[in-house]
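# A closer look at the structure
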Amino acid sequence: MRFGVIGDIHGFWDERDTAFFNQAGYDMLLFVGDFARITSAVPVARRLAGLNTPAWAIPGNHDGVTIPQLLAELKNRPLMQRLGAVGMARRVRAMEKAMAPVRLGGYTAAPLGNDLGLIVARPHAMGADRFYYQSYLRKTYGIGDFDASSRKLCELVDRSPRDLILLAHNGPAGLGDMPTSPFGCDFAPEHGDFGDPDLRVAIEHARATGHRVRAVLAGHMHHRSKHSGEWRESVADDGETLYLNCARVPRIEADGARRHHIALEVGADAVRAETLFVDNDGKIVSREPINAGA
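Heads up: these notes are all about the structure in this document. From a predicted model like this one, the values you see are computed outputs, not experimental measurements.

Rules of the game
Residues numbered from 1 in each chain as written. Predicted model: local features only at pLDDT ≥ 70, side-chain atom pairs only at ≥ 80, totals over all residues. Heavy atoms only, no water. Pairing = 2+ DSSP bridges. Helix = DSSP H or I, 4+ residues; strand = E, 2+ residues; numbered from the N terminus. Axes fitted to C-alpha atoms, helices over the stretch in contact; angles between N-to-C directions. Contact = heavy atoms within 4.5 Å. Buried < 20%, exposed > 50% of the residue type's maximum accessible area, 1.4 Å probe, protein only. Arc of directions from axis to C-beta. Right-handed = clockwise from strand over helix to strand, strands pointing away. 1 Å grid on protein atoms, 1.4 Å probe; cavity = no way out; pocket = protein on both sides within 12 Å on 5 of 7 lines; lining within 4 Å. Points joined across faces, edges and corners; volume = space filled by probe spheres on them. Nonpolar A, V, L, I, M, F, W, Y, C, P; charged D, E, K, R; others polar. Expected span 1.5 Å × (residues − 1). Polar contact = N/O pair within 3.5 Å; in protein donor to acceptor, adjacent residues only side chain to side chain.

Looking now at the sheet that holds strand E9 (residues 235-237). The strand order E5-E6-E7-E8-E10-E9 describes an open sheet built from 6 strands, whose pairing is mixed. Each end of this open sheet is capped by a strand with a single partner; those strands are strand E5 (108-113) and E9. Going across the sheet, the axis of each strand differs from the next one's by a mean of 15°, ignoring polarity. By the bridge criterion, 4 bridges tie strand E8 (residues 212-218) to strand E10 (residues 242-245) in an arrangement that is parallel. Note on E10: the bridge partner recorded for Val216 is Tyr243. Sheet strands in contact with helix H8 (residues 197-208) are strand E7 (163-167), E8 and E10, and its direction is about 165° off that of E8.

This brings us to helix H1 (residues 15-23). Considered for burial, the residues of H1 that qualify are Asp17, Thr18, Phe20 and Phe21. When H1 is viewed along its axis, its buried side chains cluster within an angular range of 165° and face the same direction. The exposed residues of H1 that point more than 90 degrees off its buried face are Glu15 and Gln23. Those residues of H1 hidden inside the fold are in contact with strand E1 (2-6), strand E2 (28-31), helix H2 (42-48), strand E11 (252-253), strand E12 (258-266) and strand E13 (271-278). Immediately beyond the C-terminal end of H1, within one or two residues, lies Gly25, with a positive phi of roughly 85°.

Further remarks concern the pairing of E7. Among the 5 residues of E7, 5 are classified as buried, and the element is accordingly described as predominantly covered. Here E7 shows two buried faces, one formed by Asp163, Ile165 and Leu167 and the other by Leu164 and Leu166. One crossover worth recording links E7 to the parallel E8 by way of H8, and it is right-handed.

Next up on the list: the layout of surface pockets. Of the pockets and cavities examined, the largest pocket occupies roughly 660 Å³. Surrounding the largest pocket, 24 residues form its lining, His62, Phe187, His220, His222 and Lys226 being those nearest its centre. Its residues assigned to classes, the lining of the largest pocket comprises 8 nonpolar, 8 polar and 8 charged. Space inside the second largest pocket adds up to approximately 260 Å³. Taken together, 16 residues line the second largest pocket, and the ones lying closest to its centre are His223, Ser234, Arg248, Thr275 and Glu288. Those elements giving two or more residues to the lining of the second largest pocket turn out to be E10, E12, E13 and strand E14 (284-289). Sort the elements by how many residues they give to the lining of the second largest pocket and E14 lands first, with 3 residues. Residue composition of the lining of the second largest pocket, grouped by class: 7 nonpolar, 6 polar and 3 charged.

With that settled, consider helix H7 (residues 146-158). Between its first and last C-alpha atoms H7 spans 18 Å; for 13 residues at 1.5 Å apiece the expected length is 18 Å, and the two agree. All of the buried residues in H7 are Phe146, Ala148, Ser149, Ser150, Leu153, Cys154, Leu156 and Val157. In the core, the buried residues of H7 are packed alongside E5, strand E6 (116-120), E7 and H8. Near the N-terminus of H7, the side chain that reaches the backbone nitrogen of Asp147, with its oxygen 3.2 Å away, is that of Asp145.

Along the chain, Thr108 falls in strand E5. Within the structure, the side chain of Thr108 is placed 2.9 Å from the backbone nitrogen of Gly106, a separation counted as a polar contact. Setting aside chain neighbours within four positions, we find Thr108 in contact with Trp56, Leu118, Ile119, Val120 and Leu156.

Listed below in structure tokens is the structure:
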């Protein structure tokens, strides 16, 4: 299968993007979340509704939330976190309704055919230092900590096909603790590896139970640090799994002349990916292989 993978949009999506992906020939589109520029995801969701290619998406930490709620999560203010969660389910439903037929997942397993399955991991992931959006996740999914999330993800693995693609917002732990690592913490380097521990548990469980995790697709940690200006490593490959950080922000550059996405091809024996930039007319202006095969 051929997938078009789109990183953190943060408001950067227009009718030219929709037109390109409607004729690009991908079997499926996968969105790693953070549709909102800051907190309002519905405007972008409405633009995505024009897509006619099958698509799955996961909500990011900016999606379905309010500015006070986001600030409360960042500053770890429990009362404001609980108050912000009150209307979050309604806001997420509004986003889901607006982007249909794009399917919005979270703790979701879906068959893709040919013994290949998709797992949409924990929604609204924000980092490994604590369990963000705990009140909402407990109320909506009955999951209030990393251990419970790990168990849920492992359950999804157990009922999935042998070969898997994992779609997440933040990536898994275990890919490095430097600010330039695929999911290392650049804004607070003392946090080190900022990848999700529950996602790592799911990956190891999959391997232990005879599954092949072909690719893990995520974003959240932007390719270029706002703090140091350094560029992040956006790919890792441990010989079994291709890990891609897709969060090129902004994904549209040079007044639309460069629009970023990743092309991913999953075959029986190989996984290949390349970074593509297209222009305002949908013409590919740059393509760079990410790996030779996995």
